[in-house]
Amino acid sequence: ALGKAGVFDRYPVEILGANLASIELAEDRGLFKNLMESIGLESPRSVIAHSFEEAMNFAKNQGVPLIIRPSFTLGGRGG
């Protein structure tokens, strides 16, 4: 959020280890899935559901087992 707000551009802040684009890519499941597909790697079938109904429709078509996770969780926190 600080990067998107421009804070790192206004102050002499150095991000160590990764740039903001890499962090966003790792954090956003949709972006990560698209990147994997673009380089020819397979991923488990998935959707980003914005409602309970969307999730249930996917579950009915996919079957079980399922893993339901929040979209933005760097390091798995919040799941």
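What you see is a predicted model; the values in this text were computed from it and never measured.

Peer 1: Hey, could you go over the packing of helix α2 (residues 20–27) against helix α3 (residues 29–38) for me, with residue numbers and the actual values?
Peer 2: Interaxial distance between α2 and α3 falls to 5 Å at its minimum, and their mutual angle equals 95°. If you check the angle between α2 and α3, you find them roughly perpendicular. Residues Glu24, Leu25 and Glu27 of α2 touch α3, and the partners they reach there are Arg29, Leu31, Phe32 and Leu35. Residues of the contact of α2 with α3, tallied by class, amount to four nonpolar, no polar and three charged.

Peer 1: Help me get a handle on α3, residues and values and all.
Peer 2: Taking the backbone nitrogen of Gly30 as reference, a side-chain oxygen 2.9 Å away marks Asp28 as the first, capping residue of α3. Backbone geometry just after α3 places Gly40 at a positive phi near 85°.

Peer 1: Which residues make up a nonpolar patch on the surface, and what values do they have?
Peer 2: Taken together, the side chains of Tyr11, Val13, Ile15 and Leu20 define a hydrophobic patch exposed on the protein surface, amounting to about 350 Å² of accessible area. Tracing the backbone through its elements, the reader meets Tyr11 in the loop between α1 (7–10) and α2.

Peer 1: I'd like a rundown of the environment of Ile67, residues and numbers included.
Peer 2: Structurally, Ile67 can be placed in the segment after α4 (52–62). Relative accessible area serves as the criterion here: at 71%, Ile67 is assigned to the exposed category. Remark: the alpha-carbon pair of Ile67 and Ser46, spanning 21 residues in sequence, is separated by 9.4 Å.

Peer 1: Would you mind going over the environment of Leu25 in detail, with residue names and values included?
Peer 2: Take Leu25: it is sitting in helix α2. With a relative accessible area of 27%, Leu25 lands in the partly exposed category. Distance in space between the C-alpha atoms of Leu25 and Leu35 is 8.5 Å, their sequence separation being ten residues. When residues no more than four places from it in sequence are discounted, the contact partners of Leu25 are Leu31, Phe32 and Leu35.

Analysis parameters
Residues numbered from 1 in each chain as written. Predicted model: local features only at pLDDT ≥ 70, side-chain atom pairs only at ≥ 80, totals over all residues. Heavy atoms only, no water. Axes fitted to C-alpha atoms, helices over the stretch in contact; angles between N-to-C directions. Helix = DSSP H or I, 4+ residues; strand = E, 2+ residues; numbered from the N terminus. Parallel < 35°, antiparallel > 145°, perpendicular 65-115°, else oblique. Contact = heavy atoms within 4.5 Å. Nonpolar A, V, L, I, M, F, W, Y, C, P; charged D, E, K, R; others polar. Polar contact = N/O pair within 3.5 Å; in protein donor to acceptor, adjacent residues only side chain to side chain. Patch = residues over 30% accessible without salt bridge, like charges linked within 9 Å, V, L, I, M, F, W, Y side chains within 5 Å. Areas by Shrake-Rupley, 256 points an atom, 1.4 Å probe, with all protein chains shown as cover. Salt bridge = Lys/Arg side-chain N within 4 Å of Asp/Glu carboxyl O. Buried < 20%, exposed > 50% of the residue type's maximum accessible area, 1.4 Å probe, protein only.

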